[in-house]
Amino acid sequence: MADRDSKREGSQERTHTTASREWAKQTGGAGQAKRRAPKKGGSGKRRPAEVRRYAGTLIALAVILVCCIIGFTPLGEKITQGLDLQGGVSVIMTASKPDGSAVTDEDMEKAVSIVQNRVNSLGASEATVQKQGSNSILVQIPGATDAQQAIDTIGRTGMLEFVDLMDVADQDALLKINNGQSGVELKQGSYTAFMTGDDISNVTISQQSAGSAYYAVNITLNSHGTQQFADVTKVLAPTNGRIAIVLDGVVNSAHDVQSEIANGQVAITGNYTLDEAKELKTVLDSGSLPVTLDYSESRVVGPTLGQDSLTQGLIAIAVGFAVVVCYLLFFYQGIGLITVTALIVFGIVYLGLLALLSHFGAFALSLPGLAGVVLTIGMAADSSILVLERFREEIRMGKAPRKASESGSKHGIMTALDAGVVTLISALGLFLLGVGSVKGFGLTLALGVLCSFFTLLCYTTPVLRLLGRSVIEKNPGFWGVRHDMEEAKAAQQARLGKGGELDA
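Residues numbered from 1 in each chain as written. Predicted model: local features only at pLDDT ≥ 70, side-chain atom pairs only at ≥ 80, totals over all residues. Heavy atoms only, no water.

Caption draft 1: Expanded view of the packing of helix α12 (residues 367–396) against helix α13 (residues 401–433). Packing of α12 against α13 leaves a shortest axis separation of 7 Å and a crossing angle of 145°. Handedness of the crossing formed by α12 with α13: right-handed. Between α12 and α13, the residues in contact are M379, S383, L386, V387, R390, F391, E394 and I395 and P401, A404, S405, S407, G408, S409, H411, G412, I413, T415, A416 and T423, respectively. Looking at side-chain class alone, the contact of α12 with α13 contains 9 nonpolar, 9 polar and 2 charged residues. (Axes fitted to C-alpha atoms, helices over the stretch in contact; angles between N-to-C directions. Helix = DSSP H or I, 4+ residues; strand = E, 2+ residues; numbered from the N terminus. Left-handed = near helix turned anticlockwise from the far one by under 90°. Contact = heavy atoms within 4.5 Å. Nonpolar A, V, L, I, M, F, W, Y, C, P; charged D, E, K, R; others polar.)

Shown next, in the form of structure tokens:
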């Protein structure tokens with residue numbers, strides 16, 4: 001009986017084993033796969049989406065920082081320096097009308113355009129020409145080495161003349177002009193002009209013909225100019241004689257006369273591009289300057305004085321940065337390092353942005369601008385401190401560092417943005433409504449606020465949330481939150497003890 005039971009049990013066991021094997025074959029060994037140990041070097045778990053997002057943000061930021069460093073290196077060449085740092089010439093001119101009438105806004109706009117053209121002829125690409133008040137023009141030319149030449153060039157009102165090349169006695173100049181050269185200087189007294197720029201009433205630009213890719217410069221003459229032009233072109237038209245446009249004794253261009261022009265409407269053609277047509281229009285406008293410009297103030301800033309000012313400004317920035325770093329490390333310990341590195345990130349992004357604007361001629365660093373830079377260093381640190389303080393406050397409320405890093409950074413960012421927007425509005429007001437150095441201060445302040453926002457969102461917040469997941473909680477003493485955690489624990493125990501007494 002016992003043998004039969006034993007055989008029956010053995011048969012059932014073999015049947016069970018065979019069935020298990022058949023099931024394993026049909027399911028592809030899924031049951032065994034579940035018991036398989038994970039491969040070496042991996043935890044078998046995928047990183048949370050938040051961690052991947054924060055890490056991706058920091059990687060993208062690292063790429064941007066590398067581009068910024070390449071963009072502003074070397075600093076002395078990539079960031080344009082203003083007049084007070086680089087040295088140069090500053091001139092204020094007062095406009096008046098020869099007949100004693102009032103100077104209009106239209107007159108001033110035209111005068112500013114003409115002066116800008118003359119300043120550019122000095123090769124000063126970063127020069128600024130702007131209207132001041134109702135009848136003054138401020139001209140600043142950074143890097144000008146010959147002050148007298150700059151002043152003489154700015155002060156010329158521009159003598160525009162139209163010359164029949166048959167009336168030019170300078171044979172060397174004629175040879176160059178006939179060979180197609182421009183910018184040929186005529187010897188004084190070697191030519192006679194039949195008309196000046198005073199006879200020009202208006203200058204416009206239009207297409208050379210319908211559908212053409214080229215442009216023509218159209219001149220409208222007054223009655224005297226109309227008669228003079230008609231007389232000269234009547235003689236030159238049969239032989240396609242040439243008329244030269246001469247500005248301050250220099251031939252700007254020479255043109256063939258195709259027909260007699262008796263109606264005072266002159267079209268200058270020559271397959272001009274739009275930029276070339278605008279340049280010729282500026283030359284023609286220069287000859288009809290509507291005002292007389294007299295010096296009211298001139299100042300020459302030496303490069304030594306400018307570089308001394310730059311050095312002092314850089315020292316101020318370095319001292320301000322060092323004081324902020326010491327404060328952060330003393331009061332915030334380990335988490336203060338987050339703000340210190342955030343300031344470094346802020347500085348790199350800031351310099352990269354200034355270099356980019358300088359490349360397009362939209363920025364020149366001045367002493368007031370340096371003051372704005374110093375101010376924004378403190379503002380960038382303040383934004384980061386708001387986040388850190390809210391983080392510590394959340395811990396004191398009893399939250400774990402992980403939760404505190406998320407909620408604290410969220411609320412801290414909102415507070416920092418509110419404070420930054422107020423400063424940004426003030427900075428934009430200074431930039432849009434101010435003049436001269438005030439605009440430079442407003443611009444650097446506004447750019448600093450924007451860079452502070454960028455650093456807060458792309459560096460401070462991701463780093464704090466990554467560290468808050470485990471690193472800070474493992475070593476609260478180093479990160480300076482041990483006291484906050486102990487305070488939260490004591491408050492929790494006090495609440496529990498108080499509840500126990502009530503129950504009793």
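Don't stop here, the text continues.
Caption draft 2: Seen up close, the nonpolar core. L328, I335, Y350, F391, L464 and I472 are the most contacted members of the largest nonpolar core, which has 50 residues in total. Broken down by secondary-structure element, the contributors of at least two residues to this core are α3 (49–72), α11 (303–359), α12, α13 and α14 (437–468). Counting residues per element, this core draws most heavily on α11, at 18 residues. (Core = buried A, V, L, I, M, F, W, Y, C linked by side-chain atoms within 4.5 Å. Buried < 20%, exposed > 50% of the residue type's maximum accessible area, 1.4 Å probe, protein only.)

Caption draft 3: Just the sheet that holds strand β9 (residues 242–247), in detail. Read across the sheet, 5 strands follow the order β5-β10-β9-β4-β6 without closing on themselves; strand pairing throughout is antiparallel. In this open sheet, the two edge strands, each paired with only one partner strand, are β5 (184–185) and β6 (193–196). Where strand β4 (residues 160–164) meets β9, 5 bridges bridge the pair, whose relative direction is antiparallel. Counterpart to L160 in the pairing with β9 is L247. (Pairing = 2+ DSSP bridges.)

Caption draft 4: Seen up close, the pattern of salt bridges. Scanning the entire structure with this criterion turns up 7 salt bridges. In this structure, the salt-bridge partner of K131 is D105, at a minimum N-O distance of 3.2 Å. Separated by 26 residues along the polypeptide, K131 in strand β2 (residues 128–132) and D105 in helix α6 (residues 105–120) bring together distant segments of the chain. A salt bridge links R390 to E394, with the nearest nitrogen and oxygen atoms 3.0 Å apart. Remark: E394 and R390 occur in helix α12; sequence separation between them is 4 residues, near one turn of the helix. Of the residues examined, E394 reaches a relative accessible area of 2% and is grouped as buried. (Salt bridge = Lys/Arg side-chain N within 4 Å of Asp/Glu carboxyl O.)

Caption draft 5: Summary view of the environment of I69. Relative to the assigned elements, I69 resides in helix α3. When the C-alpha atoms of I69 and G352 are compared, they prove to be 6.6 Å apart, with 283 residues separating the residues in sequence.

Caption draft 6: Focus on the packing of aromatic side chains. Under the criterion given, the structure shown has 7 aromatic pairs. On the basis of an interplanar angle of 85° and a centroid distance of 5.1 Å, the ring pair of F478 and W479 is categorised as edge-to-face. In this arrangement the basic side chain of K439 is found over the ring face of F431, its NZ or CZ atom lying 4.6 Å from the centre. (Phe/Tyr/Trp six-rings, centres within 6.5 Å; stacked < 30°, edge-to-face > 60°. Lys NZ or Arg CZ within 6 Å of the ring centre and 35° of its normal.)

Caption draft 7: Up close: empty space enclosed by the protein. Enumeration according to the criterion identifies 1 cavity of 30 Å³ or more in this entry. Taken together, A342, L343, F346, A380, S383, S384, S452, T455, L456 and T460 make up the lining of the largest cavity. If you list the elements that add at least two residues to the lining of the largest cavity, you get α11, α12 and α14. (1 Å grid on protein atoms, 1.4 Å probe; cavity = no way out; pocket = protein on both sides within 12 Å on 5 of 7 lines; lining within 4 Å. Points joined across faces, edges and corners; volume = space filled by probe spheres on them.)

Caption draft 8: Molecular detail of unusual backbone geometry. Residue P74 is reached from T73 by a cis peptide bond, and omega for that bond is -10°. Among the structural elements, P74 can be located in the loop between α3 and α4 (75–78). Look at N240: it is not a glycine, yet its phi comes out positive at around 50°. Notably, Q333 is not glycine yet its phi reads approximately 55°, a positive angle. If you trace the backbone, Q333 turns up in helix α11. The class of Q333 is partly exposed, set by a relative accessible area of 41%.

Caption draft 9: Region of interest: the side chain of S384. Locating S384 in the fold gives a position in helix α12. With sequence-adjacent residues up to four places away left out, S384 is seen in contact with T339, L456 and T460.

What is shown is where atoms sit, not what they do.
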